[in-house]
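Remarks on the overall topology
One-letter residues, chain by chain:
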Amino acid sequence: MDLIIRTRGLTKTYGRVHALDGLDLEIGAGQVHGFLGPNGAGKSTAIRVCLGLARKTGGDASVFGEDPWTSAARLHRRIAYVPGDVSLWPNLSGGEAIDLLARLRGARTDAADYRAQRARLLDVFQLDPHKKGRSYSKGNRQKVALVAALAVPADLYILDEPTSGLDPLMEVTFRHELTRLRDGGATVLLSSHILSEVEHTCDHVSIIRAGRIVETGTLTDLRHLTRTEVSFDATSDDALTGIPEAHDGAVRGGRARFTVDSDRVTAVLPELSRRAVTGLRIEPPSLEELFLRHYGDVVNDTASNTVDARGKLRR
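Described below are features of the structure shown in this document. (Residues numbered from 1 in each chain as written. Predicted model: local features only at pLDDT ≥ 70, side-chain atom pairs only at ≥ 80, totals over all residues. Heavy atoms only, no water.)

**Examining the overall build of the chain**
In terms of helices and strands, the chain carries 10 helices and 13 strands. Once the C-alpha set of the chain is aligned to its principal axes, its extents read approximately 70 × 45 × 45 Å. Counting every position in the chain, which comprises 315 residues, the buried fraction comes to 45%. Long-range pairs, those at least 24 residues apart, make up 66% of the contacts in the chain with a sequence separation of at least 6. Entry remark: accessible area of the chain is about 15,600 Å², with carbon and sulfur atoms responsible for 49%. Here the chain contributes 42 positively and 41 negatively charged side chains, and the mean placements of these two sets differ by 7 Å. (Helix = DSSP H or I, 4+ residues; strand = E, 2+ residues; numbered from the N terminus. Buried < 20%, exposed > 50% of the residue type's maximum accessible area, 1.4 Å probe, protein only. Contact = heavy atoms within 4.5 Å. Areas by Shrake-Rupley, 256 points an atom, 1.4 Å probe, with all protein chains shown as cover. Lys, Arg positive; Asp, Glu negative; His and termini not counted. Charge placed at Lys NZ, Arg CZ, Asp CG, Glu CD.)

See the structure below:
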C-alpha cells in the first residue's frame, strides 16, 4: 500500500504542553480516513504539521514521501485543505475568494471544467458568490472553503472539522460530496468529532487521545472490539436464562436485551432459534461505542463537573 501520510513518534510541544506525544499515523492511497477525537485531542496540531504550517518538535512526518516543513509550497499544489474556522478577505466576494484559492493551486479559472464544477458546487451548497467576505456568516465562510477545495481536483483532501457551522441539510450535502470523492478514488483525511459523519463516509478510522493514536483500522476491524446488541420479545423475567455468551442482560418493557462479543454472534443464534423468539433484532456496534471506550471517563468527569471548563490545551 502506498502511504500518502506517515508519521512516526511525532511530537509537538508548546512550552510544557504536549500537543502531540508520539503520534503514529498511516494513511494509504485511496483511503477515506477518519481522524477522531474531541476538541483538544491533537487532531488540528497533527494536521498543521502535515501541512507544513507547524514545525514538529520530534519524530518523523511525511506527505507524499516528503517533509511537509521543507516542501510545503510544492505539496500544497497537490492538497486541498479545509479548516474548521475559515477567515476570508473582507473586501473580496465569495466567488473572487474561490477563484483566488483555485489559482494558488495552479488551476485555470477560465477553463470550462473548472467553471462547470464551481457552478455545480455553488448550487448544491446554496452559496451566493457575489456577497463580500465580511458579510458572510460562519456557515457561509465554511461553504466558500468547501467549494474552493472541491472545485479543483487534488491528490489529497485534508478536511479539519469541515462541517463546522453548517446546518444539518448542508452536512448531508457535504456527505454526498465526500462520497463522490471516495467513489473517485481520492485520498481523504477527515478530522471530526461528529461520529455519524465519519461512520457514514470513512472506511478507515484512527482515534486520537492526548496526542497519541489509541485505536486504528477499518470500521469492520474496530467493530470487533465492541459488542453487538441482541434483543427479542419477552414475556417473562427469566427470558435470558441459559443463553450462552450473553452479557449485560436485562428484561424491560416486554423486550429482552443482551450484548455478545461481535465475533460470537453466531454462537447464540441456535439457542434463539430453538426458543422460537419473536421480534429478533441484532444491532452491530457503532463507532460511538468504540469512541466512548477511550473517552467515557472524560464524559463522566464532565457530567459531574470535575473538569475545568477550558479542558486541556491539545490543539
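**So, the packing of helix α4 (residues 112-124) against helix α6 (residues 168-183)**
Closest axis-to-axis distance for the α4/α6 pair is 10 Å, and the angle between their directions is 145°. Between α4, through Arg120, Leu121 and Val124, and α6, the contact on the second element is made entirely by Met170, Thr173, Glu177 and Arg180. Taken together, the residues of the contact of α4 with α6 break down into 3 nonpolar, 1 polar and 3 charged. (Axes fitted to C-alpha atoms, helices over the stretch in contact; angles between N-to-C directions. Nonpolar A, V, L, I, M, F, W, Y, C, P; charged D, E, K, R; others polar.)

**Some points on the environment of Ile79**
Topologically, Ile79 is positioned in strand β5 (residues 79-82). The sequence separation of Ile79 and Gly95 amounts to 16 residues, and the corresponding C-alpha distance is 20 Å. Excluding anything up to four places from it in sequence, Ile79 contacts Leu51, Val63, Phe64, Arg105, Ala154, Leu156 and Ile158.

**A look at the packing of aromatic side chains**
Applying the stated criterion across every chain yields a total of 0 aromatic pairs. Lying over the aromatic face of Tyr14, Lys12 brings its terminal NZ or CZ to 5.1 Å of the ring centre. Taking the ring centre of Phe64 as reference, the NZ or CZ of Arg78 above it sits at 3.8 Å. (Phe/Tyr/Trp six-rings, centres within 6.5 Å; stacked < 30°, edge-to-face > 60°. Lys NZ or Arg CZ within 6 Å of the ring centre and 35° of its normal.)

**Let's talk about the sheet that holds strand β8 (residues 204-209)**
The sheet built from 6 strands is open, its strands ordered β5-β6-β7-β3-β8-β9 with mixed pairing. At either end of the open sheet lies a strand with only one pairing partner, and these are β5 and β9 (212-218). Across this sheet, the average inter-strand angle for adjacent strands is 15°, counted without regard to direction. Judged from the 5 bridges that link them, strand β6 (residues 156-160) and strand β7 (residues 187-192) form a sheet pairing that is parallel. Of the residues in β7, the one forming a bridge with Leu159 is Leu190. (Pairing = 2+ DSSP bridges.)

**A look at the sheet that holds strand β11 (residues 247-252)**
Strand order in this open sheet of 4 strands is β11-β12-β10-β13, and the pairing throughout is antiparallel. In this open sheet, the two strands that pair with only one neighbour each are β11 and β13 (281-283). Strand-to-strand, the axes of this sheet are offset by a mean angle of 15°, without reference to chain direction. Where helix α9 (residues 265-275) meets the sheet, it contacts β10 (227-233), β12 (255-261) and β13, and its direction lies at approximately 145° from that of β12.

**What to know about the environment of Tyr81**
With respect to the helices, strands and loops of the structure, Tyr81 is situated in strand β5. C-alpha of Tyr81 to C-alpha of Arg48: the two residues are 33 residues apart in sequence and 10 Å apart in space. Not counting the four nearest positions on each side in its chain, Tyr81 is found in contact with Ile47, Leu51, Ala149, Ile158 and Asp160.

**Description of the pattern of salt bridges**
A side chain with one charge can pair with a side chain of the opposite charge if their charged atoms come near. Per the counting criterion, the structure on display carries 20 salt bridges. Note that Glu66 and Arg74 form a salt bridge whose closest N and O atoms lie 2.5 Å from each other. By relative accessible area, which is 52% here, Arg74 ends up exposed. A salt bridge links Arg227 to Asp261; its shortest N-O distance comes to 3.0 Å. On the criterion of sequence distance, the pair formed by Arg227 in strand β10 and Asp261 in strand β12 is long-range, its members being 34 residues apart. What you see here is one network of salt bridges that share partners, running through Asp99, Arg115 and Arg118. (Salt bridge = Lys/Arg side-chain N within 4 Å of Asp/Glu carboxyl O.)

Shape is all these values report; function is a separate question.
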